[in-house]
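# Examination of the molecular architecture
Each chain is listed here by its residues.
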Amino acid sequence: MVLGAFLLVTLMLMGGFAAGYLLVDIPPANAAATAQSNVYLYKDGTQIARDGDVNRENVPLARIPRHVQQAVLAAEDRDFHSKQAVDPQAMVRAAWNTLRGKGRQSGSTITQQYVKNYYLGQEQTLTRKAKEFFIALKLSREQSTYDILEGYLNTSYFGRNAYGIQAAAQAYYGRDVDDLDTAQGAYLASLLNAPSAYDIATRPENRRAALARWNYVLDGMVKEKWLSPAARHRLTFAMPHRVRPSTGLAGQRGYIVQAVEYYLTHNKIIDEKTLAAGGYRITTTLEPRKQDAFARAVKDHITSKLDRRRRAVDRNVRVGGASIDPATGKVVAMYGGIDYTKQYVNNATRRDYQVGSTFKPFVFTAAVEHRATTQDGRPITPRTVYDGRNMRPVQGWSGERYAPENSDNTSYGPISVSSATNSSVNAVYAQMAVDVGPLLVEQTAIGLGIPRNTPDLTPAPSIALGTATASVLDMTVAYATLANHGLFGTYTLVEKISRNGTDIALPRRKSRRVVSREAADTTTAMLRSVVASGSGTAAKAAGRPAAGKTGTAEEDKAAWFAGYTPDLATVVAVMGQDPDTGVQTPLYGALGLRRLGGGDAPAQIWGQFMAAALKKTAVRDFELKLAAGAENTGPPIMQAGPPPHPSAARNSPSPTQGATNGAPQGGTTPGPTTGGPGLPSGTGNPGVPGHPGSPTAVGPGNPIGSGAPGSPQAPPGTPVDGTSGAPGLPGFSPGTPVETLTPPAPPAPGPTTGGPQ
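No experiment lies behind these values; they were computed from the predicted model shown.

### A short note on the overall build of the chain
Helix and strand counts for the chain stand at 21 helices and 20 strands. Every one of the 757 residues in the chain was classed for burial, and the buried ones make up 58%. Long-range contacts, defined here as pairs at least 24 residues apart, represent 73% of the contacts in the chain between residues at least 6 apart. Carbon and sulfur atoms provide 54% of the accessible area of the chain, an area that totals close to 30,400 Å².

### Digging into the packing of helix H14 (residues 360-369) against helix H18 (residues 472-483)
The contact between H14 and H18 brings their axes to 11 Å, and the two run at 40 degrees. In terms of crossing hand, the pair formed by H14 and H18 is left-handed. Counting all contacts with H14, which are made through Pro361, Phe362 and Thr365, the residues of H18 involved are Met475, Ala478, Tyr479 and Leu482. For the contact of H14 with H18, the class distribution of residues is six nonpolar, one polar and no charged.

### Side note on the side chain of Arg528
Following the sequence through the fold, Arg528 ends up in helix H19 (residues 517-533). A polar atom in the side chain of Arg528 sits 3.4 Å from the side chain of Asp621.

### Observations regarding the sheet that holds strand S16 (residues 569-576)
The strand order S7-S6-S16-S15-S14 describes an open sheet built from five strands, whose pairing is antiparallel. For this open sheet the edge positions go to strand S7 (331-335) and strand S14 (547-552), each flanked by a neighbour on one side alone. Neighbouring strand axes in the sheet, compared pairwise and without regard to direction, differ in orientation by 5 degrees on average. Alignment of strand S6 (residues 317-324) against S7, held across four bridges, turns out to be antiparallel. Its bridge partner being in S7, Gly321 is matched across the sheet by Tyr335. Helix-sheet contacts for helix H13 (residues 288-301) involve S6, S7 and S16, and the interaxial angle to S7 is about 30 degrees.

### Considerations on unusual backbone geometry
The phi angle at Asn161 is positive, at roughly 65 degrees, despite the residue not being glycine. Turning to its location among the elements, Asn161 is positioned in the loop between helix H6 (145-155) and strand S4 (162-163). One non-glycine residue with positive phi stands out, namely Asn409, at about 60 degrees. Tracing the sequence through the fold places Asn409 in the loop between strand S8 (385-387) and strand S9 (414-416). Its relative accessible area of 16% is what places Asn409 among the buried residues.

### Details of the sheet that holds strand S11 (residues 494-499)
Pairing is mixed in the open sheet, where five strands are placed in the order S2-S1-S5-S11-S12. A single partner strand is all that each edge strand has here, and the edge strands are strand S2 (47-50) and strand S12 (502-503). Two elements, strand S5 (residues 280-284) and S11, share five bridges in a ladder whose sense is antiparallel. Residue pairing for S11: Arg281 is matched across the bridge by Ser498.

### Some remarks on the confidence of the model for the chain
For the chain, the mean per-residue pLDDT works out to 79, and 71% of the residues sit at or above 70. Every residue in residues 102-106 is under pLDDT 50, and counting partners more than four places away or in other chains gives nine contacts. Across residues 633-757 the pLDDT falls below 50, and counting only partners more than four positions away or on other chains, this stretch makes 326 contacts in the model.

### A look at a positive patch on the surface
Judged by side-chain charge, Arg289, Arg296, Lys615 and Lys616 come together as a positively charged surface patch. The residue Lys615 is located in the loop between helix H20 (601-613) and strand S17 (632-633) in this model.

### Points about the nonpolar core
If you look at the biggest cluster of nonpolar residues, it comprises 101 residues, and the most contacted ones within it are Leu264, Phe362 and Met432. Broken down by element, this core gets its largest block of residues, nine residues, from H18. Excluding residues that lie within four positions of it along the chain, Met432 makes contacts with Val363, Phe364, Ala367, Ile380, Tyr386 and Val417. Grouped together as the second largest cluster of nonpolar side chains are 46 residues, Leu73, Ala168, Tyr198 and Ala231 included.

### Focus on the packing of helix H2 (residues 66-76) against helix H9 (residues 207-223)
Interaxial distance between H2 and H9 falls to 8 Å at its minimum, and their mutual angle equals 110 degrees. Compared by their axis directions, H2 and H9 come out roughly perpendicular. Each of His67, Gln70, Ala71, Ala74, Ala75 and Glu76 in H2 lies in contact with H9, whose residues at this interface are Arg213, Tyr216, Val217, Gly220 and Met221. Classifying every residue of the contact of H2 with H9 gives six nonpolar, three polar and two charged.

### A few points about the side chain of Thr585
Among the secondary structure elements, Thr585 is positioned in the loop between S16 and H20. On the basis of relative accessibility, which here comes to 14%, the residue Thr585 falls in the buried class. Looking at Thr585, its side chain comes within polar contact range of the side chain of Asn316, at 3.2 Å.

### Observations concerning the pairing of S7
S7 sits mainly inside the fold: five of its five residues count as buried. Taking the residues that link successive antiparallel strands as the turn, the S6-S7 hairpin has six residues, and the phi of Gly329 there is positive, at about 80 degrees.

Quick notes on the rules
Along each chain, numbering runs from 1 in the same order as the chain's sequence is written. Reporting in this predicted model follows two pLDDT cut-offs: at least 70 for local features of residues, and 80 or more for side-chain atom pairs to be given and counted; totals over whole chains, interfaces and linings ignore these cut-offs and use all residues. Heavy atoms throughout the structure, all of them, feed into the side-chain values; hydrogens and water do not. Runs of E in the DSSP output that reach at least two residues are strands. Runs of H or I that reach at least four are helices, and both are numbered from the N terminus. For every residue, the accessible area (1.4 Å probe, protein chains only) is compared with the maximum for its type, and the residue is labelled buried under 20%, exposed over 50%, or partly exposed between those bounds. Contacts: residue pairs with any heavy atoms within 4.5 Å of one another. The Shrake-Rupley method, run with a 1.4 Å probe sphere, supplies the accessible areas, and residue values consider only the shown protein chains as cover. Axis definition: a line fit to C-alpha positions, over the contact stretch in the case of helices; interaxial angles, taken between N-to-C directions, run 0 to 180 degrees. Note: crossing handedness is left-handed where the near helix turns anticlockwise from the far helix by less than a right angle, and right-handed where it turns clockwise. Each residue is assigned to one of three groups, with Ala, Val, Leu, Ile, Met, Phe, Trp, Tyr, Cys and Pro labelled nonpolar, Asp, Glu, Lys and Arg labelled charged, and all others, Gly among them, labelled polar. We define a polar contact as two N or O atoms separated by no more than 3.5 Å, with the added condition that, inside protein, one atom must be a possible hydrogen donor and the other a possible acceptor, whereas residues neighbouring each other in sequence contribute only through side-chain atom pairs. What makes two strands pair is DSSP finding at least two bridges between them. You can read pLDDT as the predictor saying how much it trusts each residue, on a scale of 0 to 100. Residues forming no salt bridge and having over 30% relative accessible area are the ones grouped into patches, like charges within 9 Å of each other and nonpolar side chains (Val, Leu, Ile, Met, Phe, Trp, Tyr) within 5 Å. Salt-bridge detection follows one rule: a side-chain nitrogen of Lys or Arg within 4 Å of a carboxyl oxygen of Asp or Glu. By the counting scheme adopted, Arg and Lys are positive, Glu and Asp are negative, and His together with the chain ends is not counted. Where a charge lies is defined by one atom per residue type: Lys uses NZ, Arg uses CZ, Asp uses CG and Glu uses CD. Throughout, nonpolar core names a set of buried Ala, Val, Leu, Ile, Met, Phe, Trp, Tyr and Cys residues whose side chains join them through atoms within 4.5 Å. Angle categories: roughly parallel below 35 degrees, roughly antiparallel above 145, roughly perpendicular from 65 to 115, and oblique for all the rest.

Here it is in structure tokens:
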């Protein structure tokens, strides 16, 4: 009985195989060779760009050097010349993954990939896989492996709109395929796996992954005895040339096309090679009026002030920006750079600049969400008082000693969380990260929208200082979650996509609560103080209730402003990068400023853009539901009062080098005050000994800690954020961004190792 059933199944499978082999013919070449352009549109239907013709030049296999052929085989199919044309096990695995919705999990042979490239398409369906199987079998009987390899090398997509190895050689190295060396051939071979991801000229943050793939290819060549170990050892990575974009992608158009392509392929809406074949009509969520407003704001506060002849540093200035509607997750505006044909890396999506103190709100959100307490058991609220002394070692941390510098080595003494946020006091936030738990801080940031794989997103005290290198768009998503009262929703850049009149399904926006409304709203209330009276006062130009935070990367290599109103979340970053070498550079002296902080051009751009973008939107105040202990608060606790006598600074154990928020800062001068050193009595909050409360009702939209009485505020545009990261100081990890409150003298020309002191 069992034997009979087995024989029956076997006969059915053999019959199905025979029928498939007979019925599936080798079709003519697909339409990829005459691919159409993709058309990109604004939300209102006006055209943004058309991405151009397919770049292809077929060459005979004899022109392709053997070491380049072998590099491709090492990358894609090392047994190509000795094994069968199809891999049934890999096909079963791919079919099973397709059924389970796990996306593209290809293990196809080169023959199968050639069939897919030349005869079929890139769609991931069981029908296509079945056709691929039978066509590959027939093709292997009608063509030699050399013919198939030649076809594969002439039809494969390498990125940069290049089809075939000859077009790729020109696109990446500016030479014919005949002239490629082994290192260059190995890099082009590595691109076949993920062209856009491994193009490090456009995605520099992926350099590590690209190098790993390049090494995999070369190691495979050694394993197959196509390359000697000695020759392998002598090879160095062959850096590809810069992208040479089409002039049709000038201005912001190229950045938009690049970002939309990444969105579609990263979210597995369309396969990269299928998209490159063209014919798609893509309507984005971008609004032309808001796009123009972003460009004007950048021109007014950055471009028009650059003087590249008199100030060499102005050559290095880059700007990135993004704006999202918190209610819908739609990206309504994006600024990628001055011109895609001149600066081809999209500054809005790159992930290689530290976010600095714009990360600090996530630490506080985590504290409220998890009802964290200080080391001595006090709940963490905007009014909680911390020790703000410079280089104070964090307590309760089991790792290496960590004692971060404050800006300009300023010691604050007792200071409330709200004031510490206004002034970006690193000592406070590093301790708070430990009080909450660095892992919880990391998880909260990820929940808000920071990608899990963000470089340098590490659960350690330094996480609070913004060492992570999230993109401008990533930060906009996270701040939009705060604006949306703790509800996270995936962002979208595409409103609609169709091909030949048929709409393609887009993923539905999924919204979920990642932190409580109280946690998000209490953070918002505190960030309103930053705009009202802290380091972000220039953002008040938006002309409506706003919350935000400034930030600066290590050595002033980037300055940020991230903020939102009830209707729009926007992030702006100004970055330093040498246009010739691509190396990140400090912004000291840029725009004629001694130091460029987040409260300068980034906040100014933000304010002007938001005013224009929301011009036709009714002004709304924040509707906030605050956590317990934050509903009624007095002015922020921080050292204030008359400036100390010069001798006080000399006698102080922690001398300062400037003023913060207009309040002169001396050292922690000893004195018999009941409420802590340097604190005038009667200005504190309930629960702090010696400081009778002066509660201020905090209703919907009222900022927490909007200023200390008698403390004049810094004028709009005053640089507040900077960095100081001197290696060699006890307990300080090099590479940690530290906020600066007052601009020091400009540094001497040349590279700096840790930022000015």
